[in-house]
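Each chain, letter by letter, is given below.
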Amino acid sequence: MQRHKGAYGYFSGERFASLADPKEVTDEIALNPVHFAIQKPTKVLATLVHEMAHLWQHHYGKPPRKGYHDKQWAAKMYEIGLIPTATGEPGGKETGQKMTHLIEENGNFARTVSNLLEEHPTILYHDRNENDAASKKKAASKTRYTCPGCGLNAWAKPEAPLVCGECQEPMQAETTEGEEDE
């Protein structure tokens, strides 16, 4: 678990080395426990699987540049039953620097996680400090916006009509649905 602000989870390949043998390395997948209180177990597990698709690509595919979600990653997501989307909505761009996903209705993931949770109900812990009213008010007063063209980020009040000065594209507000990456 890692409180990586703005992310539900992330993957970092070959992040850690053994103290006994520095050539022995392992990867990291981290989930942000701040979101456990507001997301259902299915969505938390979807974030984990999203990051596992990065792990698969790192070891068995051709990894793209850091943080980028390419066509190979998107194809693995579809195979799993998660639909990649830059907007958090159906029909959103399937590749890009900042991506989330939707769960395919009756897809592999949806069926598998339904069976898993039926057999093994999950109780998620959440960050008790996130219940603080002042931090909630502060978080609600600003929203991160991202340009879908170049990935530029800006922060403003919720529902601000921002346009990227570089691409002249409307900037998209960060969604609370799915996962935010790297």
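A short tour of the structure in this document, coming up.

### With respect to the overall build of the protein chain
Inference 1: Summing up its helical and strand segments, the protein chain has 4 helices and 7 strands in all.
Inference 2: Order of helices (α) and strands (β) in the protein chain, N terminus to C terminus: β-β-α-α-β-β-α-α-β-β-β.
Inference 3: A separation threshold of at least 6 residues defines the contact pool for the protein chain, and within that pool the share at least 24 residues apart is 51%.
Inference 4: Approximately 11600 Å² of the protein chain is accessible, and the part contributed by carbon and sulfur atoms is 54%.

### Observations regarding helix 3 (residues 108-119)
Inference 1: Counted at 1.5 Å a residue, the expected span for helix 3 with its 12 residues is 16 Å, and the 17 Å between its end C-alpha atoms agrees.
Inference 2: Contacts from the buried residues of helix 3 go to helix 1 (41-60), helix 2 (71-80), strand 3 (82-85) and strand 4 (100-103).

### Quick look at the side chain of Glu51
Inference 1: Mapped onto the elements of the fold, Glu51 is located in helix 1.
Inference 2: Within the buried core, Glu51 has no salt-bridge partner, and the shortest N-O distance to an opposite charge, that of Lys98, equals 10 Å.
Inference 3: Here the side chain of Glu51 touches Phe11 through a polar contact of 3.2 Å, landing on its backbone nitrogen.

### Re the environment of Gln2
Inference 1: Structurally, Gln2 is set in the segment before strand 1 (9-17).
Inference 2: The class for Gln2 is partly exposed, based on a relative accessible area of 35%.
Inference 3: Expressed as a C-alpha distance, the spacing of Gln2 and Leu31, which sit 29 residues apart in the sequence, is 5.9 Å.
Inference 4: Apart from the residues lying within four places of it in its own chain, the contact partners of Gln2 are Tyr10, Ala30, Leu31, Asn32 and Pro33.

### Some thoughts on the packing of helix 1 against helix 3
Inference 1: Where helix 1 contacts helix 3, the two axes come as close as 11 Å, and the packing angle between them is 125°. The pairing of helix 1 with helix 3 is recorded here as oblique in orientation. In terms of crossing hand, the pair formed by helix 1 and helix 3 is right-handed. Counting all contacts with helix 1, which are made through Pro41, Thr42, Leu45, Ala46 and Val49, the residues of helix 3 involved are Phe109, Val113, Leu116 and Leu117.
Inference 2: Taken together, the residues of the contact of helix 1 with helix 3 break down into 8 nonpolar, 1 polar and no charged.

### A few points about the packing of aromatic side chains
Any pair of aromatic rings gets described here by the distance separating the centres and the angle formed by the planes.
Inference 1: As enumerated under the stated definition, the model contains 0 aromatic pairs in all.
Inference 2: Over the ring of Trp56 we find Lys76; its NZ or CZ atom is 4.3 Å from the centre of that ring.

### Observations regarding helix 2
Inference 1: Buried within helix 2 are the following residues: Trp73, Ala74, Lys76 and Met77. Projected onto a plane normal to the axis of helix 2, the buried residues spread over an arc of 160° and lie on a single side.
Inference 2: Next to the buried residues of helix 2 lie helix 1, strand 3 and strand 4.
Inference 3: One side-chain oxygen of the residue at the start of helix 2 lies 3.3 Å from the amide nitrogen of Gln72, identifying that residue as Asp70.
Inference 4: One or two positions beyond helix 2, positive phi appears at Gly81, with a value near 110°.

Cut-off values and rules
- Residues numbered from 1 in each chain as written.
- Predicted model: local features only at pLDDT ≥ 70, side-chain atom pairs only at ≥ 80, totals over all residues.
- Heavy atoms only, no water.
- Helix = DSSP H or I, 4+ residues; strand = E, 2+ residues; numbered from the N terminus.
- Contact = heavy atoms within 4.5 Å.
- Areas by Shrake-Rupley, 256 points an atom, 1.4 Å probe, with all protein chains shown as cover.
- Expected span 1.5 Å × (residues − 1).
- Buried < 20%, exposed > 50% of the residue type's maximum accessible area, 1.4 Å probe, protein only.
- Lys, Arg positive; Asp, Glu negative; His and termini not counted.
- Salt bridge = Lys/Arg side-chain N within 4 Å of Asp/Glu carboxyl O.
- Polar contact = N/O pair within 3.5 Å; in protein donor to acceptor, adjacent residues only side chain to side chain.
- Axes fitted to C-alpha atoms, helices over the stretch in contact; angles between N-to-C directions.
- Parallel < 35°, antiparallel > 145°, perpendicular 65-115°, else oblique.
- Left-handed = near helix turned anticlockwise from the far one by under 90°.
- Nonpolar A, V, L, I, M, F, W, Y, C, P; charged D, E, K, R; others polar.
- Phe/Tyr/Trp six-rings, centres within 6.5 Å; stacked < 30°, edge-to-face > 60°.
- Lys NZ or Arg CZ within 6 Å of the ring centre and 35° of its normal.
- Arc of directions from axis to C-beta.

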